[in-house]
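Listed here are the chains, written in short residue letters.
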Amino acid sequence: MASTDETGQPARHASPSGGTTPPSGPPADPAGPGARMPRWLPRAMVLALALIAVFQLGSWAFHQLTGLLINVLIAFFLALAIEPAVSWMAARGMRRGFATFLVFLAVLVAAAGFVTLLGSMLAGQIVKMVEEFPEYLDSVINWVNGHFHTELRRVDVQEGVLRSDWLRNYVQNSATGVLDVSAQVLGGLFQMLTIFLFSFYFAADGPRLRRGLCSVLPPARQAEVLRAWEIAVDKTGGYLYSRGLMALISGIAHYILLEILEVPYAPALAVWVGLVSQFIPTIGTYLAGALPMLIAFTVNPWYALWVLVFVVIYQQFENYMLQPKLTSKTVDIHPAVAFGSVIAGTALLGAVGALIAIPAVATLQAFLGAYVKRYDVTDDPRVHGRRNRPPGPSAATRIRGLWARRPERPGHGTEGAGDGRPA
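Keep in mind it's a predicted model, so treat the numbers as computed, not measured. (Residues numbered from 1 in each chain as written. Predicted model: local features only at pLDDT ≥ 70, side-chain atom pairs only at ≥ 80, totals over all residues. Heavy atoms only, no water.)

K.L.:
Would you mind going over the environment of Leu78 in detail, with residue names and values included?
P.N.:
Counting through the fold element by element, Leu78 comes out in helix H2 (residues 66-90). The contact partners of Leu78, leaving out residues within four places of it in the chain, are Phe104, Ile195, Phe196 and Ser199. (Helix = DSSP H or I, 4+ residues; strand = E, 2+ residues; numbered from the N terminus. Contact = heavy atoms within 4.5 Å.)

This is the structure we're talking about:
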């Protein structure tokens, strides 16, 4: 117990020197107002803010340049597709730039001729449909009057259509949407020009591009890059070969149908169906089948229905039987992998991803296959799809045993069971 003086206050202990010891204050708080900030904290905050700013800037730039990056990717695969033809002509003394120009000129001439032929054919058929539309309308009205006992007239139908509100709204919306359509057409032409320019540079300056890329890599990495480039050329060529073969088969099949139905312009329509359905992903099948249906409708409306049924059936045959077989042979990937890569490419890049997914996955698979260590497979029945079952009685023997052990019904059991007396 502490000693106190007469006033009741705690006594002050005398120091050895005779003075009194002053009372000690509270301990100093290291986190008080006078504490200094760690030296690393400001630099860490500045670094974190700088990283966030760089990330935001990179994300903004990536979203702004997504269209350009997709165009460059398409141009790169297009250059890979024409690389064999350009290299073949360059190996025979022709300048690489001139060889690339000739290849592109041939492609453009073929595409322009095909589009011009189809455009003239389509225009003629549309004019024919407009001229014969009153006859179609009369036949439909007569069929409705005969089956439903109505008294419709063509004049009443035409006046009702011309005075309807939906036609007026459609005309107004079409007039206001002309500028939007024109802007989309100009944007599409500019995008095509960008793709052709980049693909021309990639194909014409392919050796220089490879030398520039290899100059910043060690020799071992240079060999890997060149090998990957060669694999990409082979797989892209194989993919185009498979697409061309499927276009040929599709064109022949649709040509036979159109000739049986006596639809005009059957050869041109068959070429249209084959090319559009194979080289325009996602919506190519619908675009390819719409034109033959339209022209078949001018001959007989029921023919359009037959064409639709045939297009749907052939598309299922191609998707589940023909395409997986040909793709696995030419691109050397499993049909399930090819189907999954198309779905993944469509989810990531849309139609462009669906078009380049298979050659990209085939290139990656072939390149990584050289670095995967493989072992000899054991000779086990399960490897060949057969189960290794232990020896035992056969199924027929087990069924006979179960039949012999089945419970007996009352009245049909042992002797004497019917009268209640023991046997």
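K.L.:
Quick one: what's the story with the side chain of Ser199, residue by residue and with numbers?
P.N.:
Relative to the assigned elements, Ser199 resides in helix H6 (residues 178-204). Using a relative accessible area of 0% as the deciding quantity, one classes Ser199 as buried. Polar contacts involving the side chain of Ser199 include one to the main-chain carbonyl oxygen of Ile195, which spans 2.9 Å. In this structure Ser199 touches Ala75, Leu78, Ala79 and Phe104, once residues within four positions along its chain are discounted. (Buried < 20%, exposed > 50% of the residue type's maximum accessible area, 1.4 Å probe, protein only. Polar contact = N/O pair within 3.5 Å; in protein donor to acceptor, adjacent residues only side chain to side chain.)

K.L.:
Pulling in residues and values, what's your account of the packing of aromatic side chains?
P.N.:
The relation between two aromatic rings is expressed through the spacing of the ring centres and the mutual angle of the planes. Taken as a whole and judged by the stated rule, the model has eleven aromatic pairs. On the basis of an interplanar angle of 40 degrees and a centroid distance of 6.3 Å, the ring pair of Phe198 and Phe202 is categorised as tilted. Here the residue Phe198 and the residue Phe202 both occupy positions in helix H6, the gap between them amounting to four residues, near one helical turn. Note on Tyr314 and Phe317: the rings are 6.0 Å apart at their centroids and 50 degrees apart in plane angle, and the pair reads as tilted. With Tyr314 and Phe317 both in helix H11 (residues 301-330) and three residues apart, this pair spans about one turn of that helix. (Phe/Tyr/Trp six-rings, centres within 6.5 Å; stacked < 30°, edge-to-face > 60°.)

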